[in-house]
Amino acid sequence: MPPAPHSVRGPREDVLKSQIKLGTVFGVELGLHYSWLVIALLITFSLVAQFHSVNRNWSDVLVWGVAIITGILFFACLFAHELSHALVAKACGIPIHKITLFLLGGVAQIEKEASDARTEFWMAIVGPFTSGVLGLILLALAWVCGWAPRSQPATPGIALLVWLGYINLALGAFNMIPGFPLDGGRVLHAILWWIMDDAERSTRAAARVGQVIAVLFIGFGILQFFQGAGLGGLWLAFIGWFLLQAAGATYLQVQAGALLRGLRVKDLMSTDYTTVDPNTSLQQFVHEQLLRTGRRCFLVVQDSRLLGLITSNEVRTVEPQAWPDTTVGAVMRPADKLHFVSRDMPAMEALQIMRQEDVNQLPVMSDGRVDGIVTRAHVLQVLRSRAELNSPPTLPRAA
Ligand SMILES: [Zn+2]
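All values reported here derive from a predicted model rather than from experimental measurement.

**Some details on helix α1 (residues 36-54)**
For α1, spanning 19 residues, the distance from its first C-alpha to its last is 27 Å, which sits close to the expected 27 Å at 1.5 Å a residue. Of all the positions in α1, only W36, I39, A40, I43, T44, L47, V48, F51 and V54 are classed as buried. Where the residues of α1 are buried, they touch β2 (28-32), α2 (60-91), β3 (96-102), α4 (156-174) and α7 (231-259).

**Remarks on the nonpolar core**
Counting 60 residues, the largest nonpolar core has F51, F75 and I99 as its most contacted members. With 12 residues, the top contributor of residues to this core is α2. Contact partners of F51, with chain neighbours within four places excluded, come to W58, V63, V66, A67, T70, A159 and L160. In terms of nonpolar packing, the next biggest core, distinct from the first, is built from 22 residues, L263, A350, V359 and L362 among them.

**Quick word on the sheet that holds strand β7 (residues 305-311)**
With respect to topology, four strands assemble into an open sheet ordered β5-β6-β7-β8, the strand pairing being mixed. Of all strands in the sheet, those bounded by a partner on one side alone are β5 (275-276) and β8 (333-334). Bridge count for strand β6 (residues 297-302) against β7 is six bridges, and the pairing is antiparallel. Paired with Q302 across the bridge in β7 is R305. The strands touched by helix α9 (residues 282-293) within the sheet are β5, β6 and β7, with β6 carrying the most contacts at an inclination of about 135°.

**With respect to a nonpolar patch on the surface**
Taken together, the side chains of L41, F45, W64, I68 and I72 define a hydrophobic patch exposed on the protein surface, amounting to about 520 Å² of accessible area. Taken together, the elements giving at least two residues each to the nonpolar patch come down to α1 and α2. Per-element tally for the nonpolar patch: the top contributor is α2, with three residues. Counting through the fold element by element, W64 comes out in helix α2. The partly exposed category is assigned to W64, whose relative accessible area is 36%.

Conventions and cut-offs
- Residues numbered from 1 in each chain as written.
- Predicted model: local features only at pLDDT ≥ 70, side-chain atom pairs only at ≥ 80, totals over all residues.
- Heavy atoms only, no water.
- Helix = DSSP H or I, 4+ residues; strand = E, 2+ residues; numbered from the N terminus.
- Expected span 1.5 Å × (residues − 1).
- Buried < 20%, exposed > 50% of the residue type's maximum accessible area, 1.4 Å probe, protein only.
- Contact = heavy atoms within 4.5 Å.
- Core = buried A, V, L, I, M, F, W, Y, C linked by side-chain atoms within 4.5 Å.
- Pairing = 2+ DSSP bridges.
- Axes fitted to C-alpha atoms, helices over the stretch in contact; angles between N-to-C directions.
- Patch = residues over 30% accessible without salt bridge, like charges linked within 9 Å, V, L, I, M, F, W, Y side chains within 5 Å.
- Areas by Shrake-Rupley, 256 points an atom, 1.4 Å probe, with all protein chains shown as cover.
- Salt bridge = Lys/Arg side-chain N within 4 Å of Asp/Glu carboxyl O.

In structure tokens, the structure reads:
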């Protein structure tokens, strides 16, 4: 099975929330997305088949035991790879969210992009480097334990070390393919950035190369499938499809950044927001405000102090029978859990926060007062209008 890819920071991570939390290492939260279970099972089954073929005399219990331990260690190696990205990012002053393993590998959710080519380069290359070094250490260990290269491992322990060694080398090599947002694509991006001295143009170029490589992956995977490679071919095509999406999204994000350049939150925010008292019952709130005004978001305010925010999402968490006895204040999203933006924040940054936090609106605050509210729908509408005016007029089709 081809090794799983992963990216330092792709647009897809926005929707990738870790659902199973494992713990915290060096201040970085480690977690699993449910889709990880699929890859964990696939890897365990392929390891069982592999170890069965290595030595037919090993018992089923032994083979399964070694396969499961090897699988767990493989994911530990993947965490080590992602952690190396995260630690370099931290050393460069870039805040780190968490590391999540999912169907196609792992992602280090780093809060913002590198601000210069050098940081981007080191942040990207450290991952494949870590996997490569890990691979060499594991193979050296196997060799110390008596394994001769190109021979079948004699003991389950050696089989484990050899498989982990090769898979880490493969992981390092695979991720150096210059298909943005793979690590290699980010290294390419850093080099282009350094040569062109233009963050935007270099990202666009790297994303374009990434799209080409993704299409090659898909084509090659499908070809392999029809030549009898089975699941391996389809898997490669699937990875290609994922990369194509991610590269396309990055391209769009750069375009969006260019279109929104110069715009700040204060240019896009609406000062025409509605408020509700925290002691209002949900019943009254729904019938007198939510259903009448057609607005989606209400600020919960008492004595001109912002206490929180309520949308139909919060209302839906309560059964309608309980609405008369539940107050707005009991179900609102409290202010300490809300993200605020300032009037002078660039519009693109606000859009990114909404994506990251998966919210549709952000209150705009200055000096502890609410100035207005900025919504995702409005920002996207402005983006669309700007894109329409920037696009070249359509040419009449030749007869
Ligand atoms: Zn990586």
